[in-house]
Amino acid sequence: MKIYTFGKKENPAVMLLPGTCCHWKSFEGVIPKLSENFYVLCVSYDGFDETEHSAFVSMQDEAEKIEDCIKENLNGEIRAVYGCSLGGTLAAMLAERGNVRIRHAVIGSFDFDTCGEILARLETKPMVKMIYPLLTTGRMHGILGKIMDRKMAGADGYMKSMMKMFGVGSTKMRFVTKESVANQFYSDLVTRLPYKMDTHGTKIYIFYAAKMGKKYLKRYHKYFDSPKIYKDNLRHEELLVCYPDQWVGRVSKIARSK
């Protein structure tokens, strides 16, 4: 794992956790403005950084390494953590584990989908077969590639921005291995968090993308006791990828609060 930092270290620290199979540069649209007033630490997961020869092992392993980073570089305390999609699992895990002091944890329209080990393995295999070519070559293979090409030809700004996060049309993730992709999908599916979890004083914020469906709103209330929920009539992580200035403004306001 690598941590990329931006801004002045004396400013309040904000950590950014990428989504599933995403490069840390998926945050490049918000880092410049966010780092004007905050010390920004952007996590690059094991197996998803081209400067390292590593493999993604598990969510538990990544959580421990993030905690070590906060302990070693920030005296065990950080102002805010934002988890994009899968990163929301890690943000919640860090708060629930309580091994470091996090004042604010923001869950970015995460779905909290989990299942048992057998089903997780069954779901992981086809997902890797579909996603791996997309990450490493910039497009899907065979009939899936043709379908994707047709959809992208008529895609709106949101879809194009989301696909950019996954490297569609580029080969920037060609170094990623199938092992890392499989481990990340599987580990996320089997990582279970307790309902009404104890967040050890960390304030929880949810960016609820209402177009995902009401069932996700119900899940947020199951997992957290009185979270602060921001409801947007948007799709999954649409605020981040399509409205970066609004995203920065909201995250900044949260990070500045007591």
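Residues numbered from 1 in each chain as written. Predicted model: local features only at pLDDT ≥ 70, side-chain atom pairs only at ≥ 80, totals over all residues. Heavy atoms only, no water.

K.L.:
How would you summarise the packing of aromatic side chains if you had to cite specific residues and measurements?
P.N.:
Taken as a whole, this structure holds 14 aromatic pairs when the rule is applied. Between Tyr-4 and Trp-24, the aromatic rings sit 4.3 Å apart at their centres with planes inclined by 15°, giving stacked as the arrangement. A residue pair is termed long-range when its members are at least 10 positions apart, and Tyr-4 in strand β1 (residues 2-6) and Trp-24 in the loop between β2 (13-17) and α1 (31-34) qualify at 20 residues. For Tyr-4, a relative accessible area of 18% puts it in the buried group. Assessed through its relative accessible area of 11%, Trp-24 is described here as buried. Judged by centre distance (5.6 Å) and plane angle (85°), the ring pair of Phe-207 and Tyr-230 falls under edge-to-face. Taken together, the residues span a long stretch of sequence, with Phe-207 in strand β6 (residues 203-209) and Tyr-230 in strand β7 (residues 228-232) at a distance of 23 residues. Residue classification places Phe-207 among the buried positions, given a relative accessible area of 4%. Feature note: the residues Phe-110, Phe-112, Tyr-195, Tyr-208, Tyr-220, Tyr-223 and Phe-224 constitute an aromatic cluster, connected by ring pairs. Here Lys-228 stacks its cationic end above the ring of Tyr-230, 5.2 Å away from the centre of that ring. Note that Arg-250 overlies the ring of Phe-207, its terminal NZ or CZ placed 4.9 Å from the centroid. (Phe/Tyr/Trp six-rings, centres within 6.5 Å; stacked < 30°, edge-to-face > 60°. Helix = DSSP H or I, 4+ residues; strand = E, 2+ residues; numbered from the N terminus. Buried < 20%, exposed > 50% of the residue type's maximum accessible area, 1.4 Å probe, protein only. Lys NZ or Arg CZ within 6 Å of the ring centre and 35° of its normal.)

K.L.:
How would you sum up a positive patch on the surface? Please name residues and give values.
P.N.:
A cluster of basic side chains, namely Lys-214, Lys-218, Lys-222 and Lys-231, defines a positive patch on the protein surface. If one sorts the elements of the positive patch by residue count, helix α8 (residues 214-223) sits on top with 3 residues. Assignment of secondary structure puts Lys-231 in strand β7. (Patch = residues over 30% accessible without salt bridge, like charges linked within 9 Å, V, L, I, M, F, W, Y side chains within 5 Å. Areas by Shrake-Rupley, 256 points an atom, 1.4 Å probe, with all protein chains shown as cover. Salt bridge = Lys/Arg side-chain N within 4 Å of Asp/Glu carboxyl O. Lys, Arg positive; Asp, Glu negative; His and termini not counted. Charge placed at Lys NZ, Arg CZ, Asp CG, Glu CD.)

K.L.:
Describe the environment of Phe-110, naming the residues involved and giving the relevant values.
P.N.:
Position of Phe-110 relative to the elements: it lies in the loop between β5 (101-108) and α4 (117-137). Along the sequence, Phe-110 and Gly-87 sit 23 residues apart, while their C-alpha atoms lie 8.2 Å from each other. Sequence-distant contacts of Phe-110, that is, excluding residues within four places in its chain, are made with Ser-85, Leu-86, Gly-88, Thr-89, Asp-188, Met-212 and Tyr-220. (Contact = heavy atoms within 4.5 Å.)

The analysis is restricted to geometry; functional conclusions fall outside its scope.
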